[in-house]
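# Secondary and tertiary structure notes
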Amino acid sequence: PIVVGVLHSLTGPLSLHERPIVHATHLAIEEINESGGVLGRPVRAVTADGASDEDVFADRARWLIQEKKASALFGCWASAA
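Because the structure is predicted, anything quoted here is derived from the model rather than measured.

What counts and what doesn't
Residues numbered from 1 in each chain as written. Predicted model: local features only at pLDDT ≥ 70, side-chain atom pairs only at ≥ 80, totals over all residues. Heavy atoms only, no water. Helix = DSSP H or I, 4+ residues; strand = E, 2+ residues; numbered from the N terminus. Buried < 20%, exposed > 50% of the residue type's maximum accessible area, 1.4 Å probe, protein only. Expected span 1.5 Å × (residues − 1). Contact = heavy atoms within 4.5 Å. Salt bridge = Lys/Arg side-chain N within 4 Å of Asp/Glu carboxyl O. Arc of directions from axis to C-beta. Polar contact = N/O pair within 3.5 Å; in protein donor to acceptor, adjacent residues only side chain to side chain. Pairing = 2+ DSSP bridges. Axes fitted to C-alpha atoms, helices over the stretch in contact; angles between N-to-C directions.

### Points about the environment of G12
As for its position among the elements, G12 is in the loop between β1 (2–8) and α1 (15–34). By relative accessible area, G12 is classed as partly exposed at 39%. Along the backbone, G12 and A61 are 49 residues apart, and their C-alpha atoms lie at a distance of 17 Å.

Structure follows, in structure tokens:
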């Protein structure tokens with residue numbers, strides 16, 4: 001599969017605005033997979049919580065890229081992220 005990171009605040013003050021974006025991103029990935037994926041490969045989302053904190057966002061981005069081998073990141077709604 002093609003691994004993508006979904007990095008938004010699921011906790012903290014920004015979560016009110018970012019949770020719906022996480023749901024929409026997962027819905028889009030489901031639709032892509034139902035249509036055969038990308039170049040015939042399924043897309044697998046790995047979600048991480050930025051916790052409304054820019055340092056946590058940086059740590060989670062590194063984790064998604066280095067540990068989970070994400071090819072792309074979707075998220076970081078706030079400018080500090």
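There's plenty left to go through after this.
### Thoughts on α1
The terminal C-alpha atoms of α1, which comprises 20 residues, lie 28 Å apart, in line with the 28 Å expected from a rise of 1.5 Å per residue. Those residues of α1 hidden inside the fold are in contact with β1, β2 (43–49), α2 (54–67) and β3 (72–75). Just downstream of α1 lies G36, where phi reads positive at about 105°.

### Focus on the pattern of salt bridges
Inspection of the entire model under this criterion finds 1 salt bridge. With its nearest N and O atoms 3.2 Å apart, the salt bridge here joins R60 to D59.

### Concerning α2
Along its 14 residues, α2 runs 19 Å from first to last C-alpha, staying within 8% of the 20 Å computed at 1.5 Å per residue. For α2, every residue scored as buried is listed here: F57, A61 and L64. Summarising the axial view, the buried residues of α2 lie within an arc of 65°, below the 170-degree limit, and thus occupy one face. In α2, the exposed positions angled more than 90 degrees off the buried face are occupied by D55 and E67. Along its buried surface, α2 packs onto β1, α1, β2 and β3. If you check the start of α2, you find a side-chain oxygen 2.9 Å away from the backbone N of D55, and it comes from D53. Phi turns positive, to about 60°, at K69, one or two residues after α2.

### Some thoughts on the sheet that holds β1
Across the sheet, which stays open at both edges, the 3 strands sit in the order β2-β1-β3 with parallel pairing between neighbours. Two strands close off the open sheet at either side, each with one partner strand: β2 and β3. Between one strand and the next, the sheet's axes are offset by a mean angle of 30°, whatever the strand orientation. Sheet analysis places β1 next to β2, joined by 7 bridges and oriented parallel. By the bridge assignment, V4 is partnered in β2 with A45.

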